[in-house]
Every structure is written in structure tokens, then in C-alpha cells.
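Coordinates in review
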Amino acid sequence: MSGGKKSIAAANASSIKYRAGSTTMLSIRYLLPRIIVAVFVVVTVIDCLTLAAGLGKVSGIREIKDYKVRVLYKDGRSAWYNQDYYPVLNAGDTITYYLMVPEDMNPDNYSLCFYQYHSVISVRVDGKAIYEWGIDERQNNRMYGDEYCMVPMSEYNAGKAVTVAVKQMEGSNSNHRTYFALVPQDQVRWYPLNGNRLYFVIYGAIFSFAVIAIVLLVVLSFMSKAPLLPGLYLFIFAADASAWQLSSKRLFYVLFANTQICSISEYVTLYSCLVPLFLFLGEEHTDIRMRRIYRGAASVLGAIFAVVMTLHLTGIRHLVWFESTIYTAEVISIVLTMLSEIVISRDGRTEHMRVIRYGYLAAGVLAIIQKVFLTASSILPPNRFTILLSRSDMISVSIIVMLCDFGFILVQGLVRSSIKLEEEKQAEYMAYHDLLTGMHNRAYCERAMDEITIENAYAIFFFDVDHLKMANDRYGHEIGDMLICATARMISMAAGGIDAFAGRWGGDEFIMVLRDINKLSLVSRRLDEGVKAVNESGIFEFDFSVSCGTAMHFPGEEEDISAVRILADKRMYENKALHHASRV
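In what follows, the accompanying structure is described. Please read these numbers as outputs of a predicted model, since none were measured by experiment.

Side note on the overall build of the protein chain
When you go through the protein chain residue by residue, the secondary structure sums to 18 helices and 14 strands. Within the protein chain, buried positions represent 45% of all 584 residues. Just so you have it, the protein chain exposes about 29600 Å², and 61% of that area is on carbon and sulfur atoms.

A closer look at helix α9 (residues 288–313)
For α9, spanning 26 residues, the distance from its first C-alpha to its last is 37 Å, which sits close to the expected 38 Å at 1.5 Å a residue. Inspection of α9 places Met290, Tyr294, Ala297, Ala298, Leu301, Val308, Met309 and His312 among the buried residues, and these make up the whole buried set. Its side-chain oxygen at 3.0 Å from the backbone nitrogen of Arg289, Asp287 defines the N-terminal cap of α9.

What to know about the pattern of salt bridges
When the charged atoms of two side chains lie near each other, side chains of opposite charge can form a pair. One pass over the structure, following the stated rule, counts 10 salt bridges. The partner of Asp434 in a salt bridge is Arg504, and the shortest N-O contact between them spans 3.2 Å. One end of the pair, Asp434, is in the loop between α13 (394–432) and α14 (442–450); the other, Arg504, is in strand β12 (residues 500–506), with 70 residues separating them in the sequence. Assigned by exposure class, Asp434 and Arg504 land together as buried. Several salt bridges converge on common partners, so that one network encompasses Asp464, Asp466 and Lys576.

Focus on unusual backbone geometry
Not every positive phi belongs to a glycine, and Arg250 is a case in point at roughly 60 degrees. Along the chain, the position of Arg250 falls in the loop between α5 (229–248) and α6 (252–255). Judged by its relative accessible area of 13%, Arg250 falls in the buried class. Backbone geometry at His467 places phi at a positive 70 degrees, although glycine is not the residue there. With respect to the helices and strands, the residue His467 is situated in the loop between β11 (458–465) and α15 (468–475).

A short note on the pairing of strand β3 (residues 78–82)
Bridge count between strand β2 (residues 67–72) and β3: five bridges; the pairing is antiparallel. Bridge pairing links Arg70 to Trp80 in β3. Between β2 and β3, which pair antiparallel one after the other, the connecting turn spans five residues, and Gly76 there sits at a positive phi close to 100 degrees.

What about the sheet that holds strand β10 (residues 180–184)?
Ordered by their spatial adjacency, four strands build an open sheet running β1-β10-β5-β8, and the pairing between neighbours is antiparallel. Every interior strand has two partners, whereas the edge strands, β1 (62–64) and β8 (146–152), have only one. The sheet shows a mean angle of 30 degrees between the axes of neighbouring strands, taken without regard to direction. As paired strands, β1 and β10 are joined by three bridges and run antiparallel to one another. Among the inter-strand pairings, Glu63 is bridged to a residue of β10, identified as Ala181. With respect to the sheet, helix α7 (residues 259–272) is in contact with β5 (110–117) and β8, its orientation differing from that of β8 by roughly 160 degrees.

Here's the deal with the pairing of β10
Most of β10 is tucked away, with five of its five residues classed as buried. Pairing geometry for β5 and β10, over four bridges, is antiparallel. When the sheet's bridge partners are listed, Cys113 is paired in β10 with Ala181.

A word on the side chain of Asp464
Tracing the backbone shows Asp464 in strand β11. Within polar-contact distance, the side chain of Asp464 engages the side chain of Lys576 at 2.6 Å. With residues up to four places along the chain from it excluded, the contact list for Asp464 reads Asp508, Glu509, Val546, Ser547, Met572 and Lys576.

Details of the sheet that holds β12
The pairing of strands in a sheet happens through backbone hydrogen bonds and is either parallel or antiparallel. Strand order in the open sheet formed by four strands is β12-β13-β11-β14, and the pairing between neighbours is antiparallel. The strands lining the two open edges of the sheet, one partner per strand, are β12 and β14 (546–553). Going from strand to strand, the sheet's axes swing by 20 degrees on average, the running direction of each strand aside. Across eight bridges, β11 lies against β14 in antiparallel orientation. Residue pairing for β14: Phe461 is matched across the bridge by Thr550. Sitting on the sheet, α14 touches β12 and β13 (509–514), and the angle it makes with β12 is about 135 degrees.

Considering the side chain of Ser272
Assignment of secondary structure puts Ser272 in helix α7. In contact with Ser272, other than residues within four places in its own chain, are Asp240 and Phe305.

Describing the environment of Trp133
Within the fold, Trp133 resides in strand β7 (residues 128–133). Placed 11 residues apart in sequence, Trp133 and Ser122 show a C-alpha to C-alpha distance of 6.4 Å.

As for the environment of Tyr271
Here Tyr271 shows up in helix α7. Separated by 37 residues in sequence, Tyr271 and Val308 have C-alpha atoms that sit 9.2 Å apart. With sequence-adjacent residues up to four places away left out, Tyr271 is seen in contact with Phe305, Val308, Leu319, Val320, Phe322, Glu323, Ile326 and Glu330. Of note is the side chain of Tyr271, whose polar atom sits 3.1 Å from the backbone oxygen of Leu319.

A few points about the nonpolar core
Among soluble globular proteins, nonpolar side chains are generally buried collectively. Membership of the largest hydrophobic core comes to 68 residues, with the highest contact counts inside it found for Leu277, Phe278, Leu281, Leu319, Tyr360 and Phe406. A total of 11 residues in this core trace back to one element, the largest contributor, which is α5. Aside from chain neighbours lying at most four places away, what touches Leu281 is Tyr294, Ile356, Tyr360 and Phe406.

Focus on the packing of aromatic side chains
According to the stated counting rule, one finds 22 aromatic pairs in the structure shown. When the ring of Tyr115 is compared with that of Tyr191, the centres are 5.9 Å apart and the planes differ by 20 degrees; the resulting orientation is stacked. In this pair, Tyr115 sits in strand β5 while Tyr191 sits in the loop between β10 and α4 (197–224), placing the two residues 76 residues apart along the sequence. Given the relative accessible area of 3%, Tyr191 is considered buried. When the centroid spacing of 6.3 Å and the interplanar angle of 65 degrees are considered together, the rings of Tyr267 and Tyr271 count as edge-to-face. Taken together, the residues span about one helical turn, with Tyr267 and Tyr271 both in helix α7 at a distance of four residues. Taking relative accessible area as the criterion, Tyr271 reaches 2% and is therefore assigned buried. One aromatic cluster is present, formed by Tyr67, Tyr97, Phe114 and Phe180 through successive ring pairs. For the cation-ring pair, Arg77 lies above Tyr73, with the distance from its terminal atom to the ring centre recorded as 4.3 Å. Taking the ring centre of Tyr432 as reference, the NZ or CZ of Arg447 above it sits at 4.2 Å.

Cut-off values and rules
- All residue numbers refer to positions counted from 1 along the written sequence of the respective chain.
- The predicted origin of the model limits local features to residues at a pLDDT of at least 70 and limits the giving and counting of side-chain atom pairs to 80 or more, whereas totals for whole chains, interfaces and linings rest on all residues.
- Values reported for side chains reflect all heavy atoms of the structure, with hydrogen atoms and water molecules removed beforehand.
- A run of DSSP states H or I qualifies as a helix once it reaches four residues; a run of E qualifies as a strand once it reaches two. Both are numbered from the N-terminal end.
- Each residue gets one of three labels from its accessible area relative to the maximum for its type: buried under 20%, exposed over 50%, partly exposed in between, using a 1.4 Å probe on protein chains only.
- Accessible surface is estimated by sampling points in the Shrake-Rupley manner with a 1.4 Å probe; for residues, cover comes only from the protein chains shown.
- To estimate how far a helix should extend, the number of its residues minus one is multiplied by 1.5 Å.
- Within 3.5 Å is the distance limit for a polar contact, defined as a pair of N or O atoms, with the added protein rule that one can donate a hydrogen and the other accept it, and that residues adjacent in sequence qualify only through two side-chain atoms.
- We count a salt bridge whenever a side-chain nitrogen from Lys or Arg sits within 4 Å of a carboxyl oxygen from Asp or Glu.
- Each pair of strands is called paired provided DSSP finds at least two bridges between the two strands.
- Every angle, taken between N-to-C directions, lies between 0 and 180 degrees, and every axis is a line fitted to C-alpha atoms, over only the stretch in contact when it is a helix.
- It only takes one pair of heavy atoms within 4.5 Å for two residues to be counted as in contact.
- Put simply, a nonpolar core is a bunch of buried Ala, Val, Leu, Ile, Met, Phe, Trp, Tyr and Cys residues held in one set by side-chain atoms that sit within 4.5 Å of each other.
- Each aromatic pair joins two rings of Phe, Tyr and Trp (for Trp, the six-membered one) with centres within 6.5 Å, and gets the label stacked for planes under 30 degrees apart, edge-to-face for over 60, and tilted for any other angle.
- Two conditions define a charge located above a ring, namely a distance within 6 Å from the ring centre to NZ of Lys or CZ of Arg, and an angle within 35 degrees of the ring normal.

Next up, the structure:
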């Protein structure tokens with residue numbers, strides 16, 4: 001009974017495999033907190049090591065670390081600070097940096113590089129202006145946001161005093177802490193990579209993958225005529241969030257030459273990134289109340305973003321002007337949705353929603369920690385600890401945790417879909433195949449025969465295994481099963497490569513339908529050769545033979561396929577009787 005044992009064992013193995021897969025899925029709720037903690041620890045450690053070891057530095061850079069800062073507030077007050085600490089500024093405030101170009105270097109092939117936010121900038125050497133930025137843009141209502149300034153220097157600037165006056169024109173509570181560096185001219189474009197290569201690799205990879213996934217999902221949506229909204233929203237959020245992180249670290253200046261795109265992309269992506277996130281969470285929730293909350297939050301933020309971009313593009317207001325409004329709206333929406341997840345949502349009963357909820361709440365907590373760090377760094381006296389707090393990047397960690405969590409959900413969904421597809425294939429296979437022989441069964445043959453009409457020409461072979469009862473009684477059912485399997489292989493080989501199908505009709509009976517009657521002689525020859533090959537193999541202690549009856553149908557004849565099959569069956573029994581009589 002070897003053939004039957006193998007088939008049944010395979011079916012049992014498949015069943016065991018699926019049960020094991022279900023057990024793996026059930027263990028996710030225990031693994032998820034560990035995954036989130038592991039991602040948090042790994043990214044934080046790498047971030048700290050990057051800062052401590054100075055990884056990602058561009059060669060040839062000479063940082064100017066000793067300078068003083070004077071802040072002139074719009075109300076007329078002024079104050080002096082050192083380079084380690086100075087307050088945030090509002091529109092109308094002016095901050096002036098006083099620094100010296102080193103005497104022991106020739107700055108002819110260098111540029112003075114630094115960063116600022118939405119300001120008018122003037123750089124002077126010994127009172128002479130050598131660089132001005134933002135005046136024309138301000139007059140044309142095209143004030144830039146996140147500015148990367150590259151001031152060409154000359155050999156005459158060596159050992160000279162340089163003043164950098166920065167007047168903030170838009171926004172409030174802006175951090176103007178920056179680093180001044182003399183960068184070789186051929187390295188100026190790559191200067192934003194200094195200390196940020198890890199972020200460039202991580203978020204560049206996320207952004208690229210997300211954009212490719214968005215394109216593929218859009219194509220698949222058109223092909224299937226069914227929008228794949230959850231996945232589309234998720235990857236739009238991934239692209240938006242990674243673009244925000246790249247642009248906030250001025251890494252867009254490495255990728256693009258268009259200054260306006262690089263300077264405002266941080267605000268465009270920040271203002272819009274929560275919209276696809278909330279739409280994704282709304283799609284994933286089954287609780288109708290949570291769906292409404294997330295969709296409502298996405299609608300409000302989307303409407304605000306649309307108004308802001310309209311005012312910006314029409315030149316009425318620069319988008320930086322709305323920074324505090326957007327921040328407030330986003331913080332309120334995050335807090336409200338987090339509270340809703342804790343108080344209102346009942347989707348936590350399902351494993352899928354527990355994973356999403358924990359990931360979102362963990363990311364929200366990390367974002368709140370970042371806000372606490374920044375607030376503490378602006379309140380506490382300046383020291384190494386407050387500087388470290390101001391340089392912490394829990395937002396990046398929270399985004400990575402959330403993307404890993406949602407990516408985990410995506411992979412889990414793909415695994416479940418794959419298992420479901422395999423189960424469907426297995427069920428379909430078992431519905432239309434005989435477990436002992438692996439051939440098609442009677443259900444498949446009847447379905448295939450229903451597609452044949454009286455206008456078709458075809459031939460039906462009906463088979464019956466000889467000596468089966470004797471084999472079972474004398475040698476055991478294992479030999480009987482081997483006899484059935486040998487017959488199945490012989491018939492399958494005879495039907496191979498031609499327009500025909502064959503199957504086990506039931507018990508010791510088999511059927512073959514030949515749709516190309518010109519191959520009738522070929523099939524007959526293959527059957528004879530198959531019987532001969534089995535007998536020559538010596539696997540049985542008796543002669544192997546199969547009784548067969550054949551009936552043909554030609555176009556225009558009135559008999560349907562059922563009548564033709566009955567005729568073939570009748571002729572098979574007549575031939576079997578003759579075989580039996582000849583043996584007697």
C-alpha cells in the first residue's frame with residue numbers, strides 16, 4: 001500500500017504544516033513587544049555610536065567651534081551667548097554669529113557651510129558683504145524654509161573676522177543652533193552627509209522601497225480593478241515619513257540640485273505624513289467608531305494641508321507661517337487617537353489589531369519623549385546633558401519602530417494569504433485528484449466531460465484492472481494497491497502529450513477521453529507497450545493485464561457523452577468476460 005501511504009502521509013504533513021503556521025501566528029503577540037524593544041535598542045545604540053565615533057564625516061572638513069552669538073529680539077532687547085546654547089527665535093528676531101577664519105589655512109578652495117531656517121542671511125568679512133540670501137526671495141514671497149548655506153571664501157579671508165547675521169522672517173520657536181565648517185569646494189554638496197550617513201542609508205532605502213511598492217500597488221489596483229488601499233496608504237506614509245527625515249537632516253541637498261524643493265520639502269512632508277497614516281489605521285480597524293475617528297482626523301489634517309498648500313502656491317502665505325498651527329493640530333490628533341485606542345477601541349481582541357495598536361502607541365510614546373527632551377534642553381541650564389537631549393532623535397526611532405511594526409503586519413498578511421492560497425490549492429487538488437494514484441478523480445472527469453458537446457469528435461477508453469481480487473486475497477491489499485497504481489501510471493503515460501485527459505473512475509475502473517481521434521492508434525500502441533513494460537519489470541508474480549472498452553463519437557451524431565461512456569463501459573465488460581473465458 002506504498003502509494004496510498006505516501007499520499008496520505010503527504011496530506012497529513014500539509015495539515016501539520018498549516019497547524020504549525022497557525023501556532024506561529026498565535027505567538028506573534030508574545031514576540032511583538034520584544035521586537036519593538038529590540039528595534040528601539042539597536043537603533044538607539046547605533047545612533048549613539050554614530051555620534052560618539054563621529055561616523056559619517058566627510059573628508060577635508062574643518063569645523064569652526066569657537067564663536068560667539070548675539071541675539072537681538074524684535075522688542076529691542078539683546079543678549080550674548082556662547083556657541084553651545086542660545087534660545088529659540090521668533091519672526092523678527094535677529095541672531096548674529098561672530099567667528100574667525102583660521103590663519104593657518106588657505107580658504108581659497110573652501111566654502112563656509114552652515115544651516116538656517118526661513119531667514120534673511122547676510123555674511124560679512126571685516127564689514128564687507130560677501131554673501132546675502134533671502135532678500136529677493138522675501139520680496140517675491142518665496143521665502144525658503146530649511147536653508148543650506150554655502151558661502152565661497154577667498155585667500156584674503158584667512159585670519160579675518162566673519163559675522164553671519166540671520167533675521168528670522170517666518171515662524172516661531174525656531175532652533176537656530178548650527179555648525180560652521182570650512183568645506184572643500186568639491187565636497188560642498190556632500191557636507192550634509194557629515195554624521196548622517198546612517199540616516200541616509202536607512203531612510204533612503206525605506207523611501208526607495210516605498211516608492212517602488214506604491215507604483216506596483218497602483219498597477220495591481222488597475223489590473224485587479226480593486227484598489228489595495230491599506231497597503232497603498234501604508235507605503236505612502238513610509239515614503240512621506242522617510243522623505244521628512246531625509247529633508248529635515250538636509251540630505252535632500254545631496255540628492256537634488258533644486259534649492260527650493262530641498263528647503264520646503266521638510267515642511268510639505270511633515271504637514272502631510274499623518275494623513276496616510278490615519279487612513280491606513282482607519283482601514284485596518286474593524287471597530288466602526290475607531291474608523292470614523294481615524295478617517296475624521298485624516299480629513300481634518302488633509303483639509304488643513306490643502307488650504308496651506310493653496311495659500312503657499314498662490315503666494316498669499318508661505319507654508320512656514322503655518323508651522324505652529326500644523327504642529328498643534330498634529331499633536332492634538334495624535335493624543336486624541338492614542339486615547340481612543342486606549343479607551344474606546346475594542347479591536348484589541350484580535351491579534352492583528354493588537355500588533356497595530358502596540359506599534360502605534362509605542363511610536364507615540366517615543367514622540368512624546370522626544371518632545372520632553374527638547375523642552376528640557378531649552379529650560380535647563382546649558383551643559384553636556386542638555387546638549388545631548390537636544391541632539392536626541394527619538395522621532396527617527398519612533399518612525400522606524402512604527403514602520404517595522406506595520407511592515408510586520410504586512411508580512412504577516414502576506415504569510416497568511418500565502419497559507420490560505422496553499423490551503424485552497426490543496427483543497428482543490430484533493431477535490432479533483434485520487435489520493436492513492438495521484439490521477440484525476442471521477443469528479444474532475446465528469447466536469448471535463450460536461451464541456452464536450454455533440455459537435456466534437458472524441459473517443460472514450462474505459463478500463464478495468466484484471467486480477468485485482470486475486471491479488472488482494474492471495475498477496476494482500478498492498479499488492480492490490482500497487483496493481484492499481486501501475487495501471488494508473490500506464491494510462492497516464494498513454495494520455496501524455498496529446499489532447500486527452502484520464503482519471504480513476506472508482507475502485508478498479510479508469511477512464512480516458514481522447515479529443516483527437518487521429519491519435520487513437522498511438523494511444524493503443526502506448527497501452528500495449530505499457531502492459532508489456534510492467535510484465536517485463538517483474539514487480540508482480542502474475543501476469544499484469546487490463547481490460548479495455550472503446551467507443552467513438554463523430555460530429556453530428558445524436559448520442560451525448562454519457563451514452564458514449566456507457567457504450568465504452570459495456571464493451572470493456574465484454575472484453576473482460578473474454579479474458580476470463582480464455583484463462584478458464
